[in-house]
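Residue-level structure breakdown
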Amino acid sequence: MKRPWWEDAVFYQIYPRSFCDSTGNGIGDLDGIRAHLDHLSWLGVDALWLSPFYPSPMADFGYDVSDYCGVDPLFGTLEDFDRLLVDAHARNLRVIVDWVPNHTSDAHPWFLQSRSSRHNPKRDWYWWRDDRSDDEGGFGAPGSAGRRPNNWLAAFPGVGKSDFPPAWTWDQETGQWYLHLFLDHQPDLNCHHPEVQSAMAGVLRFWLDRGADGFRVDVVHAIGKDPRLADLPDDLAAIPMCALNDDPSTHPILARLRQLLDGCQPPARMMVGETVLPSVAQIVAYYGSPDGKELDLAFNFHPLRSPWSARSWTRRIDEAEELIGASGAWPTWVLSNHDTSRHRTRYGGSEARARAAAVMLLTLRGTPFLYAGEELGLEDAVVAPDRRVDPAWPGRDGCRAPLPWDAGPGHGWAGGPDAWLPWPPEADSGRTVVEEMDDPDSTLNLYRSLLRARRGSQALRAGSFTWAATDGDVLAYRRKQGRDVRFVAVNFSDSPSSLDLPPGPWEVELSSARAAADSRWDGPSPSGRIEVGPDEAVILRPARAAQLDRGR
Ligand code: NOJ
């Protein structure tokens, strides 16, 4: 059977505000993305995921949607979206859009109606609850903290705070609480309600009809809730509910919405879900079952939280292989995104580690998701307190810094240097797209070579995964599909390490080290061992295949 395209693809996440500004207002937009499609083809990615560009008050920079079927004027127009899609498709780049079904903005007309009266037909589209009564343990004045319907916490501690705020806000006018797993400006939709489900089906149809290739589904594990909305037990009560909610009722809701994608013409539209859950076993359930297919791919963020250590990564890879892969589902791999410090920053600012991690990301079994800017080796920007804009604490501004395209003062942004967030470090000293394109040793060119190596190898895209024996802080694995085989070794330590190779001869196809630091790999490996430098990763291929390849 032909593999679905999303299992072979490498996705590239674009946070539209941060990609490129074409209008001069310091905020990236859809035309800014369109202007750089040739670059993305040059890089070699297959599909783009666009974070929200819908009309929004921007309390959570677009994840508070006030119209699911439009484009916020900051980002352009629907026609701009259509043009972007046509131009992307013309370059064989697929485009998926973000779908945020768990909550709307409090400025969404649905919520305005729901809030307007207890008897409004849309009242039950959201989660409204009375004060907790004395019998239920409530105390204090109506609408006060002691009367909150349950002990759930929302995400995002306020600026400078360490505690998560309550997940309930009191509405004075109608004398009830509403639930929000995120900001109070992001009320949770009641996705159990048939009318909400059909409204959401309409939203999906809208983007599918325009030609979108699928959806990234925001906090998908949170959309079904146990209607009892019971208190969390004390040992979990300090964790925000958005990181815990895993109610079985989500699955049939998702399976129904998913059928819509399967009935599409042209077919082959996909869904990748954000599943932020405590265990990988819980994540697997969101791929659905043979009776009810749900997601095509589910994000597994456990590796993203892994420190730079072979032991920890071995455990993460085992989990993905044993729990996701063995169930017949296809894993995903992510190192960076718009919610987390960039992986180079997390790995102590070491570019060598970031590069070695990229080799892993693109050679493990599963679909890799890149976050715009990681291919430049960007670190998080340093954001002074007076430039902070994220409502969350300690904040996600650093990883959302604008992408520097060139060495000019505005780095290729139409508005010049004053973008919505400060530039990332080194933007003025060569870490820009144009300058890195010219440097064969740059991280940008490493990613490009990795993408090319992946595209050229069935083993890397689809092959089996087998561990090889190693010592110390090194891991190694083999990928194999038919006669195509690759051997990957990653050294997590700060000293060189040598390891046995399977019967060869082998040749290095690619190393994460810069060429200047790597004089060993000129021809087939002379012995059955290989030395891998500190924080280096290498891809080896059979030497004969390499020679044939060169002869072509
Ligand atoms: C997950 C998104 O990735 C994040 O950016 C957003 O703040 C929350 N969901 C709420 O939508």
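Here the structure is a predicted model, which means the values were calculated and not measured.

1. Considerations on the packing of helix H5 (residues 78-90) against helix H7 (residues 194-210)
Where H5 meets H7, the closest approach of the two axes is 10 Å, and the angle between their N-to-C directions is 55°. Regarding the angle of H5 to H7, the classification is oblique. Of the residues in H7, those touching H5 at Leu-78, Phe-81, Asp-82 and Leu-85 are Phe-206, Trp-207 and Arg-210. The class makeup of the residues in the contact of H5 with H7 is 5 nonpolar, no polar and 2 charged.

2. Here we look at helix H8 (residues 250-262)
Across its 13 residues, H8 extends 19 Å between first and last C-alpha, which sits within 8% of the 18 Å expected from 1.5 Å per residue. Among all positions of H8, only Thr-250, His-251, Ile-253, Leu-254, Ala-255, Leu-257, Arg-258, Leu-260 and Leu-261 are buried.

3. Some points on the packing of aromatic side chains
Tallied over the full model, the rule gives 34 aromatic pairs. On the numbers, 4.6 Å between centres and 50° between planes, the contact of Phe-53 with Tyr-54 is tilted. Judged on exposure class, the residue Phe-53 and its partner Tyr-54 are both buried. An angle of 80° between the planes, with centres 4.9 Å apart, marks the rings of Phe-81 and Trp-207 as edge-to-face. Of this pair, Phe-81 sits in helix H5 while Trp-207 sits in helix H7, and the two are 126 residues apart along the sequence. Look at Trp-207 and you get buried, because its relative accessible area is 2%. Taken together, the aromatic side chains of Trp-5, Trp-6, Phe-11, Trp-49, Phe-299, Phe-301 and Phe-369 make up a single cluster linked through ring pairs. The positively charged end of Arg-123 is found above the aromatic ring belonging to Trp-128, 3.6 Å away from the centroid.

4. Brief notes about the domain arrangement of the protein
Domain boundaries assigned for the protein yield domain 1 (5-102 + 191-451), domain 2 (109-179) and domain 3 (463-551). Taking the mean C-alpha position of each, domain 1 and domain 3 sit 30 Å from one another. Counting the surface lost from both domain 1 and domain 3, the interface buries some 1,900 Å², and carbon and sulfur atoms represent 62% of this. Interface area lost by domain 1 to domain 3 is led by Ala-310, Thr-363 and Asp-441, which between them contribute 25%. Across the contact surface, domain 1 and domain 3 share 2 salt bridges.

5. What to know about the site of the ligand
Lining the immediate environment of the ligand, one finds Asp-60, Tyr-63, His-103, Phe-156, Phe-182, Arg-216, Asp-218, Glu-274, His-338, Asp-339, Arg-396 and Arg-400. The contact in question runs from an oxygen atom of the ligand to an N or O atom on the side chain of Arg-216, over 3.1 Å. The contact in question runs from an oxygen atom of the ligand to an N or O atom on the side chain of Arg-396, over 3.0 Å. Burial of the ligand by the protein amounts to 97% of the accessible area it has alone, namely 300 Å². Here the residues of the shell around the ligand sort into 3 nonpolar, 2 polar and 7 charged.

6. Re H5
With 13 residues, H5 ought to run about 18 Å at 1.5 Å a step, and its terminal C-alpha atoms sit 18 Å apart, in line with that. Listed in full, the buried residues belonging to H5 are Asp-80, Phe-81, Leu-84, Leu-85 and Ala-88. Angular distribution of buried residues about the axis of H5 spans 135°; they occupy a single face of the element. Relative to its buried face, H5 has exposed residues pointing more than 90 degrees away, namely Val-86 and Ala-90. Contacts from the buried residues of H5 go to helix H3 (30-34), helix H4 (37-43), strand S2 (47-50), strand S3 (94-99) and H7. Asn-92 lies just past H5 and shows a positive phi near 65°.

Basis of the calculations
- Residues numbered from 1 in each chain as written.
- Predicted model: local features only at pLDDT ≥ 70, side-chain atom pairs only at ≥ 80, totals over all residues.
- Heavy atoms only, no water.
- Axes fitted to C-alpha atoms, helices over the stretch in contact; angles between N-to-C directions.
- Helix = DSSP H or I, 4+ residues; strand = E, 2+ residues; numbered from the N terminus.
- Parallel < 35°, antiparallel > 145°, perpendicular 65-115°, else oblique.
- Contact = heavy atoms within 4.5 Å.
- Nonpolar A, V, L, I, M, F, W, Y, C, P; charged D, E, K, R; others polar.
- Expected span 1.5 Å × (residues − 1).
- Buried < 20%, exposed > 50% of the residue type's maximum accessible area, 1.4 Å probe, protein only.
- Phe/Tyr/Trp six-rings, centres within 6.5 Å; stacked < 30°, edge-to-face > 60°.
- Lys NZ or Arg CZ within 6 Å of the ring centre and 35° of its normal.
- Domains from an automatic or database assignment.
- Buried area = accessible area lost by both parts, 1.4 Å probe.
- Salt bridge = Lys/Arg side-chain N within 4 Å of Asp/Glu carboxyl O.
- Near = heavy atom within 4 Å.
- Polar contact = N/O pair within 3.5 Å; in protein donor to acceptor, adjacent residues only side chain to side chain.
- Areas by Shrake-Rupley, 256 points an atom, 1.4 Å probe, with all protein chains shown as cover.
- Arc of directions from axis to C-beta.

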